[in-house]
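Report on the structure
Chain by chain, the residues:
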Amino acid sequence: MSGIGGGMMAESTAATKDLRDGILHGGDLDGARAAFPDAPQPWVDLSTGINPWSYPLPPIPPDAWTRLPARGAEMALREAAAACYGAPSAERVAAASGSQALIQLLPRLRAPGRVAVLAPTYAEHALCWAGAGHRLSETTDPETADADVLVVVNPNNPDGRLLEPARLLALAERQAGRGGWLVVDEAFADCEPAGSVAPFAGTPGLVVLRSFGKFFGLAGLRLGVALAEPALAAALRAAVGPWAVSGPGLAVAAAALSDRDWIAATRIRLRAEAEALDRLLTGVGLTVAGGTDLFRLVTHPDARSLHRILGEAGILVRRFEQRPDWLRLGLPADGEARRRLRDACAVACRPRQPSAC
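Residues numbered from 1 in each chain as written. Predicted model: local features only at pLDDT ≥ 70, side-chain atom pairs only at ≥ 80, totals over all residues. Heavy atoms only, no water.

What about the overall build of the chain?
Selection rule: A run of H or I in DSSP becomes a helix once it reaches four residues, and a run of E becomes a strand once it reaches two; helices and strands are each numbered from the N terminus. We compute the radius of gyration over the C-alpha atoms and compare it with the globule rule, which gives 2.2 Å times the number of residues raised to the power 0.38. The cut-offs for exposure are 20% and 50% of the maximum accessible area for each residue type, with area from a 1.4 Å probe on protein chains only; residues under the lower value are buried, those over the upper are exposed, and the others partly exposed.
If you tally the helices and strands in the chain, you get twelve helices and 13 strands. Its C-alpha radius of gyration of 20 Å places the chain within 12% of the 21 Å reference for a compact globule of 357 residues. For the C-alpha atoms alone, the extent of the chain along its principal axes is close to 60 × 50 × 40 Å. Here the chain holds 357 residues, and the buried ones make up 52% of them.

Here it is, written out as structure tokens:
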């Protein structure tokens, strides 16, 4: 099996001794510093799809640090998540320390069966289902996938592929009819709310995953939620156990998810910044092949050389072992980051350096 996205699998069977060998993720500045020790400082990290203009931290009650998280605070978070994402009620919400934790947990709530992942995409889905003993396949046509569980990342990472809600709901109905699930990972859906199926949480067979940290720019807080039928949401809450999210995390997330003005303004800002990044990239001769308002995917025949040249300039972008023509770039945080990116790409893409551009 192979996968391309926020992480990538290099092996082709679930029997690999260490399934995480060969997976790449963004944000590894320690690795970048080791690989490019002479790169200028500070590093410009464009290797993740995290909003560089994070939500301003609200005042945190002192007892959020000194007491175990209260059930009332966890319920407030679930209610805020349901309202923000359009889910019918908090009983359909389960919170965990990041959507990655839920990706790892879901395969353990079903007996081993057939799982199909719409590929190419974020490799952790394939990794976790295979690691839990399920028979994994990849598909490019979800309607023909014969599986107990179908996994779709929507919008997709890294190419931004988007399936319409009506299509996803039809797939969920099909999966429910066979006693299965459609798992829709909406980690990057905050910028495209009209494409979300979160408002249909509770539909039989539908499981929706949402990531808090990417859109709100607070990835270190570690929070993700699953939206599902009440019984499955309750099973997930039982499986993650008590105090799955820290007290400060609950307080910050409940405030952020309820801040409609900030959310609306941020969607506008991210769209404008993504369009500006498109102009920068095409202006230096790169081809924008897709993405979301939090990242862009570019194609180039020798993206590995471009990745190296950018690394030498202190700019970290996301590369893909099995797609040497792909690079993914997040949004530069300021004018200096944009200038460094433009200058490094312009040098790399000069005609006299055909090995790069």
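Considering the packing of helix H11 (residues 303-312) against helix H12 (residues 335-348)
To keep it simple, the criterion reads: Here, axes are lines fitted to C-alpha atoms. For helices the fit covers the stretch in contact, and angles between N-to-C directions go from 0 to 180 degrees. Put simply, angles under 35 degrees are roughly parallel, angles over 145 are roughly antiparallel, angles from 65 to 115 are roughly perpendicular, and the rest are oblique. Here a crossing is taken to be left-handed if its near helix is turned anticlockwise relative to the far helix by less than a right angle, and right-handed if that turn runs clockwise. Any pair of residues with heavy atoms lying within 4.5 Å of one another is described as a contacting pair.
The interhelical angle for the contact between H11 and H12, taken along N-to-C directions, is 130 degrees, at an axis separation of 10 Å. One way to sum up the angle between H11 and H12 is to call them oblique. The two elements H11 and H12 cross, and the hand of that crossing is right-handed. For the pair H11 and H12, the contacting residues are Leu306, Ile309 and Leu310 in the first and Leu341, Ala344, Cys345 and Ala348 in the second.

Topic: unusual backbone geometry
Along the chain, Asn154 connects to Pro155 via a cis peptide bond; the corresponding omega equals -5 degrees. Positionally, Pro155 belongs in the loop between strand S5 (149-153) and helix H6 (165-177). Each neighbour pair has its own omega, and for Asn157 with Pro158 the value is 20 degrees, a cis peptide bond. Along the polypeptide, Pro158 turns up in the loop between S5 and H6. In this model, Arg222 sits at a positive phi of 60 degrees, which is unusual for a non-glycine residue. Among the secondary structure elements, Arg222 is positioned in the loop between helix H7 (213-216) and strand S8 (224-227). Taking relative accessible area as the criterion, Arg222 reaches 38% and is therefore assigned partly exposed.

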